[in-house]
Amino acid sequence: MKRNLESVATLFAGFIAVAVLLAPGLAAAHTFAPPYTLPVPFTFYAFGAAAALVLSFVIVGVFATAPSLGLLHRPVVDAPAERARPGVLLLAARLVSVALLIICIVSGLIGTQNSYANINMTFFWIVFVLGVAYAVAIVGDFYAAVNPWRVLVDAVAQVTPIRFGGHLRAPERLHYWPALVLYMMFIWLELFGRTKPWSLSVALLVYTAINFVGAWWMGRDAWFRQGEFFAIFMRLLGKMSPWARPYDPEERARTGSRRWRAPFSGLLEERAHHISLLLFILFMLSSTAFDGIHDTSPWANLFWKGIYPYIAPLFASGTTAQQYALSAKLYYIWQWIALLVSPLVYLAVYVLFVAIAKFVTRSTQSVGALALRFAMSLVPIAFVYHVTHYYTLLLSQGTQMIRLVSDPMGRGWDLFGTGRQTVEPLMIDVEAIWHTQVALILFGHIVSVYLAHLEALQIFSTPRRAAASQLPLLVLMMMFTTLGLWILSLPLGSGG
Amino acid sequence: MRNRLTCAFWLASLMLGPLPALAADPAPIELAVVKGQVTGGAKVIRLKRDDPVSLTITSDQADELHVHGYNLHADIVPGKPSTLKFIAKRTGRFSMELHKSGVELGTLEIYPK
């Protein structure tokens, strides 16, 4: 574990260095389609936190008295396995998936550079990154079956002599590190890359190349299991879906094809076997928290009042203008370091509370093993964090697709008769947003506490010890939930 | 007689009713852009739902004003103030910018009542 952390630290340092070199102008960050939500008022926040606390104790209380209430562990009916060949529908879906990737790339390269008028920005950042992820959480991981990069690699393997069999002797020893590194680079690009249609296309081309090289180097299956981070992100979210049947017929032949399971119980079917997957899940949490916090005024104050005065003398030189440019640069580096280190901060807190749980229950299992056992139960909290932060964007900007499909490159086309329409963004009243945000965060919290408790019942011999183990984890989840609510309530910094 | 008085009272209160709201109208927003910089820096302007908004921009360059979320546009002629008037029907946080130069003018924060 120690060695792994060291290798992560090296990766971070290298990545920061590359990011500093590659950083375009260091003006204010301007994300595509910034969210329009206002900070949640204190009363909502206080209510949410109090409700989370009460509900948590209700769950623990219910379990302590009626531990057999493991509703999620009900066996599900298995359907007979099916033939492992893709049907016409799936082939068509794969073609559409690749076509959409190509449209995004081409449109960004030759179409308008107005982010709102080029289909690639809205399709990739909103429909794919948000819409597909949320759909997968509801209907299951269909992305695995239509992953455009996988389809492309498969196609190349079929028509050329290149065999993506892998050149690395033991790709499984890389675990999920490749995916984690790519995921971090992706979030950096999302928050600080200030992508325009053209640069998004370049990023997609580079990512396509990375997928080919990765599949060649690690082997096709290993790469799309441990390297292509969207595949891992979607797979984790898909585990929450009540629809248990894999969309990919090959996968179906391997794992059986039962259809339904209790919602969220899929997360207990799999265990995180390595710290890299735990960090991946923690980064899902921490990157969203970071996105929420990095534009707020308390966060800016922390740097300008708490850190900058101490480090400024180290760099003091030159004119006021140079000094100003330098301080802006330092602020950015601070932001990037905070983003990249955030999962390690979450990891430290998480491991601390798991260690307390071990101490309380006098478990013979190691802290590391216990930490991995509870990793999947964090996915619902990470998911609701994500949804509360971004669902408004999906509605306000996602609806612009109606117009964009007719005029994808902003050239005045009107393919489907909707190109000249002004589509009013679908916006929800801020009060309704506050209610849904608090409700969603509470819901995710309850599900996570519930899943962790089911896991504990499997680990510990008696319900009593299981309940005892849950008290520290409950405090931990309360912290994550309250932090999530708190971030939603922070005043935003000035400017857009 | 009493009935008539009551009627008059209700009528008067109907007419007077909206007056306090009118009196509480927020001040018009006036911004000036010189050499791609907003005089006094980008601002956060806080309003309540249904407030009437009057937004006047003067710039030394031709440009186009855009209020996000409301999707309102106004052409800007150099040196001439251009004004957008609308009712703050939508709650939320919306940025105002000049489309061509990309200058951030500030943010409108419209809160529920």
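Residues numbered from 1 in each chain as written. Chains lettered and ligands numbered in written order. Predicted model: local features only at pLDDT ≥ 70, side-chain atom pairs only at ≥ 80, totals over all residues.

A. Main features of the overall build of chain B. Within chain B, the regular secondary structure consists of two helices and nine strands. Listed by position from the N terminus, the elements making up chain B come as α-α-β-β-β-β-β-β-β-β-β. Burial analysis of chain B (113 residues in total) assigns 24% to the buried set. (Helix = DSSP H or I, 4+ residues; strand = E, 2+ residues; numbered from the N terminus. Buried ≥ 20, exposed ≤ 12 C-beta atoms within 10 Å, placed from the backbone.)

B. A look at the overall build of chain A. Within chain A, the secondary structure is distributed over 19 helices and zero strands. A burial count over chain A gives 41% of its 496 residues as buried. Sequence-distant contacts, at least 24 apart, represent 82% of the contacts inside chain A between residues at least 6 apart. (Contact = placed C-beta atoms within 7 Å.)

C. Structural view of the nonpolar core. Counting 120 residues, the largest nonpolar core has Phe280(A), Ile281(A) and Leu285(A) as the members making the most contacts within it. Those residues in contact with Phe280(A), other than ones at most four positions away along the chain, are Tyr176(A), Ala179(A), Leu180(A), Tyr183(A) and Ile232(A). (Core = buried A, V, L, I, M, F, W, Y, C linked by C-beta atoms within 7 Å.)

D. A look at the interface of chain B and chain A. Between chain B and chain A, the contact holds 15 residues from the first and 13 residues from the second. Listed by contribution, the elements that provide at least two residues to the side of chain B that touches chain A are β8 (92-98) and β9 (104-111) of chain B. Sort the elements by how many residues they give to the side of chain B that touches chain A and β8(B) lands first, with five residues. Here the side of chain B that touches chain A is built from residues that sort into five nonpolar, five polar and five charged. (Nonpolar A, V, L, I, M, F, W, Y, C, P; charged D, E, K, R; others polar.)

E. A look at the sheet that holds strand β5 (residues 63-67) of chain B. Residues and elements named next belong to chain B. Read from one edge to the other, the open sheet built from five strands follows the order β3-β9-β8-β5-β6, with strand pairing classed as mixed. On the outer flanks of this sheet lie β3 (43-48) and β6 (72-76), each paired with one strand and no other. Strand-to-strand twist across the sheet, computed as the mean angle between neighbouring axes with direction ignored, equals 15°. Pairing of β3 with β9, which is carried by six bridges, proceeds in the parallel orientation. (Pairing = 2+ DSSP bridges. Axes fitted to C-alpha atoms, helices over the stretch in contact; angles between N-to-C directions.)

F. Representation of helix α7 (residues 177-192) of chain A. In a regular helix each residue adds 1.5 Å, so 16 residues correspond to 22 Å; α7(A) covers 22 Å between its end C-alpha atoms and thus fits that length. In the segment just after α7(A), Arg194(A) is the residue with positive phi, at about 45°. (Expected span 1.5 Å × (residues − 1).)

G. Spotlight on the sheet that holds strand β2 (residues 37-38) of chain B. Residues and elements named next belong to chain B. Ordered by their spatial adjacency, four strands build an open sheet running β2-β1-β4-β7, and the pairing between neighbours is mixed. Two strands in the sheet have a free side with no partner beyond their single neighbour: β2 and β7 (82-87). Here strand β1 (residues 29-34) pairs with strand β4 (residues 52-59) via five bridges, running parallel. Within the sheet, the bridge partner assigned to Leu31 lies in β4 and is Ile57.

H. Structural detail: the pairing of β6(B). Residues and elements named next belong to chain B. Looking at chain direction, β5 and β6 are connected through five bridges and run antiparallel. For Val67, the partnering residue across the bridge sits in β6 and is Leu72. Hairpin remark: β5 followed by β6, antiparallel, with four residues in the connecting loop; positive phi at Gly69, about 80°.

I. Broad picture of the pairing of β9(B). Residue and element names in this part refer to chain B. Most of β9 sits out of view: six of its eight residues are buried. Here six bridges tie β8 to β9, and the two strands are oriented antiparallel to one another. If you follow Met96 over to β9, its bridge partner there is Gly106. Here β8 folds back onto β9, and the loop between the two strands holds five residues, one of which, Gly102, carries a positive phi near 75°.

J. View of unusual backbone geometry. All names here are of chain A. Even without being a glycine, His175 presents a positive backbone phi close to 50°. Position of His175 among the secondary structure elements: in the loop between α6 (148-159) and α7. The backbone of Phe264 shows a phi angle near 75°, a positive value even though the residue is not glycine. As for its placement among the helices and strands, Phe264 is situated in the loop between α11 (249-255) and α12 (275-293).

K. Local environment of the packing of helix α3 (residues 88-110) of chain A against helix α8 (residues 197-218) of chain A. Residues and elements named next belong to chain A. Closest axis-to-axis distance for the α3/α8 pair is 7 Å, and the angle between their directions is 135°. Relative to α8, α3 is oriented oblique. The two elements α3 and α8 meet at a crossing, and its hand is left-handed. Contact residues: α3 offers Leu101, Cys104, Ile105, Ser107, Gly108 and Leu109, while α8 offers Pro197, Trp198, Leu200, Ser201, Leu204 and Leu205. Considering only residue class, the contact of α3 with α8 consists of nine nonpolar, three polar and no charged. (Parallel < 35°, antiparallel > 145°, perpendicular 65-115°, else oblique. Left-handed = near helix turned anticlockwise from the far one by under 90°.)

L. Just the confidence of the model for chain B, in detail. Residue and element names in this part refer to chain B. Summary statistics for chain B give a mean pLDDT of 80 and a share of 79% for residues scoring 70 or more. Here residues 11-23 is a poorly scored stretch, pLDDT under 50, and it has zero contacts once near neighbours within four places are set aside; other chains count. Here the predicted complex carries an ipTM of 0.72, next to a pTM of 0.86. (pLDDT = per-residue confidence, 0-100.)

M. Representation of the environment of Ala157(A). The residue Ala157(A) is located in helix α6 in this model. Among all residues touching Ala157(A), those that are not within four sequence positions of it are Ile162(A), Arg163(A) and Phe164(A).

N. Layout of the environment of Thr43(A). Note on placement: Thr43(A) falls in helix α2 (residues 42-65). Judged by local crowding, Thr43(A) falls into the exposed class, with 10 C-beta atoms found within 10 Å.

O. Seen up close, α3(A). Residue and element names in this part refer to chain A. Its 23 residues place the ends of α3 32 Å apart at the C-alpha level, agreeing with the 33 Å of an ideal helix rising 1.5 Å per residue. For α3, every residue scored as buried is listed here: Arg94, Ser97, Leu101, Cys104, Ser107 and Gly108. Considering only its buried residues, α3 is in contact with α4 (119-139), α5 (143-146), α6 and α8.

P. Main features of the environment of Ile402(A). Residues and elements named next belong to chain A. Looking at the secondary structure, you find Ile402 in helix α17 (residues 401-404). The class for Ile402 is partly exposed, based on 13 C-beta atoms found within 10 Å. Ignoring anything within four residues of it in the chain, the contact list for Ile402 reads Thr418, Gln421 and Val423.

Q. Structural view of the confidence of the model for chain A. Residues and elements named next belong to chain A. On average, residues of chain A score 86 in pLDDT, and 88% of them reach the 70 mark or higher. The low-confidence segment residues 15-30 (pLDDT under 50) makes 19 contacts with residues lying over four places distant or belonging to another chain. Ignoring residues within four places in sequence, the model shows residues 72-77, a span with pLDDT below 50, making eleven contacts including any to other chains.

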